[in-house]
Amino acid sequence: MWAAVGQQEEKADSFGILFESLSKNDFSTQFNLCQEAVEHGIIFDKRKALQEMYRVLKAGSRISVLDFNKSTLPVTTFIQEWMIDNVVVPVATSNGLEEEYRYLKSSIREFLTGKELERLALEVGFSEGRHYEIGGGLMGDLVAKR
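Residues numbered from 1 in each chain as written. Predicted model: local features only at pLDDT ≥ 70, side-chain atom pairs only at ≥ 80, totals over all residues. Heavy atoms only, no water.

With that out of the way, let us pick up the pattern of salt bridges. A side chain of one charge can pair with a side chain of the opposite charge if their charged atoms are brought near each other. Here the structure, examined in full by the defined rule, presents 8 salt bridges. The partner of D85 in a salt bridge is K105, with the nearest N and O atoms 2.6 Å apart. Of this pair, D85 sits in helix α4 (residues 74–94) while K105 sits in helix α6 (residues 104–109), and the two are 20 residues apart along the sequence. Residues participating in the shared-partner salt-bridge network are K48, E52 and R55. (Salt bridge = Lys/Arg side-chain N within 4 Å of Asp/Glu carboxyl O. Helix = DSSP H or I, 4+ residues; strand = E, 2+ residues; numbered from the N terminus.)

Right, dumping it as structure tokens:
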């Protein structure tokens, strides 16, 4: 899990350790979350992650979590998996990065759908939660308001 706090980047062994030093009074906190956390063996609990983001945000603040999208449309899933198999992994392989990208397809299958992410955001306390599909549904952005 990588998080940018001000100008510093920190790598946390668990989500809680990273957020222990943050408070609701932090002027500006920017989180860059990525699926790369799974690849590097850091356990990623989406509920806990959203709870921690909620905890450190001031009232009225928003989060934006951009990641691959788990589409509910079979055609979008087909296109996404085709792109991974026929573009992403081959290009990565030609650059010596096969292992860093081969996991994507199976990983995305385990993602929550946009509606599930919206529901989870509300469950952990956010007053609003909206998931936007981007790039024809290949990517998704959860935007939630504390």
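Let's shift gears to the environment of G125. Structurally, G125 is set in the loop between α7 (114–123) and β4 (128–134). Owing to a relative accessible area of 32%, G125 belongs among the partly exposed residues under this scheme. Between the C-alpha atom of G125 and that of R55, which follows or precedes it by 70 residues, the distance is 9.2 Å. (Buried < 20%, exposed > 50% of the residue type's maximum accessible area, 1.4 Å probe, protein only.)

Read these as layout, nothing more, since geometry by itself doesn't imply function.
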